[in-house]
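# Understanding the architecture of this molecule
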Amino acid sequence: MNLNKNYANVNDSYLFSTIAKKVAAYSADHPEKKVLRLGIGDVTLPLAPAVIEALHSAVDEMAKKETFRGYGPEQGYDFLRDSIAAYYKERGVELDGDEIFVSDGAKSDLGNIIDLFSQDNVVLVPDPVYPVYVDTNVMAGRKIIYSDATEANGFLPMPDYSVDADIIYICSPNNPTGAAYTKAQLKEWVDYANKKGAVILYDAAYECFIKDDELAKSIYQVEGAKTCAIEFCSFSKMAGFTGTRCGYTVVPKSITKGGLSANKMWLRRQTTKFNGVPYIVQRAAAAVFTPEGRKQIAENLAYYEENAKLIANTLKELGVWFTGGEHSPYIWLKCPGGMGSWEFFDYLLENAQVVGTPGAGFGVNGEGFFRLTAFGSKEVTKEAMERIKNLLSK
Ligand code: PLP
């Protein structure tokens, strides 16, 4: 046998392990100091009561012969796909049930979808970037080119017609920068993709944080997107499912090339390589869309949004440049005093005992920037902001 040599080209990810090592070393030297963590991209609030109730009742169904379920449809039960279709309809997006595929989360689908595309396709990803887009394509041996997200363009790069790309990744609201595209900006990307015959892989994992109607919750709110865009979404950040695992991908039937249909291929791929999300988890996900579930989830999101506001207001007060925070749980700030990302990480850890994520870990353009998240507790966020204020206003 031969092993896939492309794996040798995947960069080792030292970002979170280096952070953990630095924090552990600092805590060992200063056991009396309380370290506050605003670095993680994971949620902290528990599942909503409506979700827990649905889980319990689904478990009870599994305990009875009459209601027990074995293998389900690979692409998800109709009760959940119908709820997702109704969620899209609220924003004026009409989807057929068989354009929606339920999965165990956006990460798996983002990694698996590239099975559908030819290996010689050129991939365009923004820099800085959620590393999964890059690593999955390096594993597959594809050529990757980058679009620069910088302070100058508000970390929202726009299409460049002199660049030819076949597969385009867009994440909005963005991880790590928190920046979100307006519908008008996305229309430019959709026009570019349709003109070039490219596909947009649109990661909407953070759409639940969008409150402004000018911004897109779904790329299908933009005319022309159904012929060029596949959308990935997740219950992870919307409803705290990071450990429960459920997401969905929309593959419109109108994405076709050379007599092949992306929708049919994805169905074939999923039915061949995936056996569906657990029934109890799909029931839990469907509970997110009930009136009770919606209300409870809105309360959880409001909790994180308050944290984001607190971080954003502190940075505004300090005159620190940042993006995100308003329609995103991420705040992406410019390291003060021209510090590098890791320099600022050490400075914050040593002088305020606050942990964030160095922007340099997300790409070349992340150098000199730093990510804070609003997923912590209110108390920790408040204390961290007081410490940062004291430190940076000195
Ligand atoms: N997409 C982005 C941009 C993310 O930040 C994450 C998780 O942090 C994911 C996808 C993965 O989501 P899931 O938990 O649904 O796999």
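Residues numbered from 1 in each chain as written. Predicted model: local features only at pLDDT ≥ 70, side-chain atom pairs only at ≥ 80, totals over all residues. Heavy atoms only, no water.

## Quick notes on the overall build of the chain
Our working rule: For the purposes of this entry, the term helix denotes a DSSP run of H or I that reaches at least four residues, the term strand denotes a run of E that reaches at least two, and both are numbered from the N terminus. The globule rule used for comparison is 2.2 Å times the number of residues to the exponent 0.38, while the radius of gyration itself is calculated over C-alpha atoms. Any two residues having at least one pair of non-hydrogen atoms within 4.5 Å are treated as being in contact. In short, Shrake-Rupley with a 1.4 Å probe defines the accessible areas, and a residue's cover is counted only from the protein chains shown. The positive count covers Lys and Arg only, the negative count covers Asp and Glu only, and His and the chain ends enter neither. Taken as the charge location is NZ of Lys, CZ of Arg, CG of Asp or CD of Glu.
In terms of regular secondary structure, the chain is built from 12 helices and 15 strands. For 394 residues, the compact-globule estimate of 2.2 N^0.38 gives 21 Å, and the C-alpha radius of gyration of the chain, at 21 Å, lies within 12% of that figure. Counting only C-alpha atoms, the chain reaches 60 × 55 × 50 Å along its principal axes. Within the chain, contacts between residues separated by at least 24 positions form 74% of all contacts whose residues are at least 6 apart in sequence. Entry remark: accessible area of the chain is about 17600 Å², with carbon and sulfur atoms responsible for 52%. Taking the average place of the 42 positive charges on the side chains of the chain and the average place of its 49 negative ones, the gap between the two points comes to 2 Å.

## Topic: the site of the ligand
The test is simple: Throughout this document, a residue counts as near a molecule or strand when at least one of its heavy atoms sits within 4 Å of that molecule or strand. Polar contacts, as counted here, are pairs of nitrogen or oxygen atoms within 3.5 Å of one another; within protein the pair requires one atom able to donate a hydrogen and one able to accept it, and residues that are adjacent in sequence qualify only if both atoms are side-chain atoms. Space inside and on the surface of the protein is sampled on a 1 Å grid over the protein atoms alone, with a cavity defined as a set of points where a 1.4 Å probe fits but cannot get out and a pocket as an open set with protein on both sides within 12 Å along at least 5 of 7 lines; lining residues have an atom within 4 Å of a point. For this analysis, a molecule is said to be in a pocket or cavity if more than half of its atoms are within 2 Å of the grid points defining it. For this scheme, ten residues count as nonpolar: Ala, Val, Leu, Ile, Met, Phe, Trp, Tyr, Cys and Pro. Four count as charged, namely Asp, Glu, Lys and Arg, and the remainder, Gly too, count as polar.
Taken together, 14 residues lie around the ligand, and A106, D203, Y206, S234 and S236 are the ones closest in. K107 is positioned with one of its backbone polar atoms (N or O) 2.9 Å from an oxygen atom of the ligand. Within the contact set of the ligand, an oxygen atom lies 2.8 Å away from a side-chain nitrogen or oxygen of N175. Bound to the protein, the ligand loses 91% of the 390 Å² it would expose on its own. More than half of the atoms of the ligand fall within 2 Å of the grid points belonging to the largest pocket. Where the shell around the ligand is concerned, the elements lending two or more residues are α4 (106-112) and α7 (236-239). Looking at the shell around the ligand residue by residue, the classes come out as six nonpolar, four polar and four charged.

## Observations concerning the packing of aromatic side chains
Quick note on the threshold: Stacked, tilted and edge-to-face are the three classes assigned to paired rings of Phe, Tyr and Trp, where Trp is represented by its six-membered ring and a pair needs centres within 6.5 Å; plane angles under 30 degrees give stacked, over 60 edge-to-face, the rest tilted. Comment: the charge-over-ring label is applied if NZ (Lys) or CZ (Arg) is within 6 Å of the ring centre and within 35 degrees of the ring normal.
Tallying each qualifying case throughout the model produces 27 aromatic pairs. One aromatic cluster in this structure is built from Y87, Y88, F235, F241, Y248 and F289. When the ring centre of Y87 is taken as reference, the NZ or CZ atom of R91 above it lies at 4.2 Å. Lying across the ring of F79, R283 places its NZ or CZ 3.7 Å from the centre.

## Observations concerning the side chain of E61
This is how the line gets drawn: Residue burial is assigned from relative accessible area. The probe radius is 1.4 Å, only protein chains are included, and a residue is buried under 20% of its type maximum, exposed over 50%, and partly exposed in between. For this analysis, a salt bridge means a side-chain nitrogen from Lys or Arg found within 4 Å of a carboxyl oxygen belonging to Asp or Glu.
When you line up the elements, E61 lands in helix α2 (residues 49-62). R69 is the oppositely charged side chain nearest to the buried, salt-bridge-free E61, at an N-O distance of 4.1 Å. Discounting residues that sit within four places of it in the chain, E61 has contacts with T67, F68, R69, Y279 and R283.

## Focus: the sheet that holds strand β14 (residues 357-358)
Note the following rule: Two strands are counted as paired when DSSP detects at least two bridges linking them. A fitted line through C-alpha atoms represents every axis, and for helices the fit uses only the stretch in contact; the resulting angles, taken between N-to-C directions, go from 0 to 180 degrees.
On the basis of which strands lie adjacent, the open sheet formed by four strands has the order β11-β12-β15-β14 and antiparallel pairing. In this open sheet, the two edge strands, each paired with only one partner strand, are β11 (322-324) and β14. The strands touched by helix α10 (residues 291-318) are β11, β12 (330-334) and β15 (369-373); relative to β12, the strand with the most contacts, the crossing angle is about 15 degrees. Contacting β12, β14 and β15, helix α11 (residues 341-352) crosses the sheet at an angle of about 50 degrees to β15.

## Concerning unusual backbone geometry
Along the chain, D127 connects to P128 via a cis peptide bond; the corresponding omega equals 5 degrees. Here P128 shows up in the loop between β3 (122-127) and α5 (131-139). In this model, S172 is joined to P173 through a cis peptide bond whose omega is -10 degrees. Unlike most non-glycine residues, F155 shows phi in positive territory, near 60 degrees. Turning to its location among the elements, F155 is positioned in the loop between β4 (143-148) and β5 (167-171). When its relative accessible area of 2% is taken as the criterion, F155 is described as buried. Unusually for a residue other than glycine, Q353 sits at a positive phi of about 55 degrees. Turning to its location among the elements, Q353 is positioned in the loop between α11 and β13 (354-355).

## Thoughts on empty space enclosed by the protein
To be explicit about the condition: Grid points are joined across faces, edges and corners, and a volume is the space filled by probe spheres set on the points.
Going through the model one piece at a time under the given rule, you end up with two cavities of 30 Å³ or more. Looking at the largest cavity, its volume works out to about 100 Å³. Around the largest cavity, the lining is made up of 13 residues, and of these P126, P157, Y169, I170 and Y181 lie nearest the centre. When residues of the lining of the largest cavity are traced back to their parent elements, those giving at least two are β3 and β5. Per-element tally for the lining of the largest cavity: the top contributor is β5, with four residues. In terms of residue class, the lining of the largest cavity is made up of 11 nonpolar, two polar and no charged. As a volume, the second largest cavity reaches approximately 50 Å³. Contributing to the lining of the second largest cavity are V43, K237, M238, A239, G240, I297, N300, L301 and Y304.

So yeah, pure geometry; function would need other evidence.
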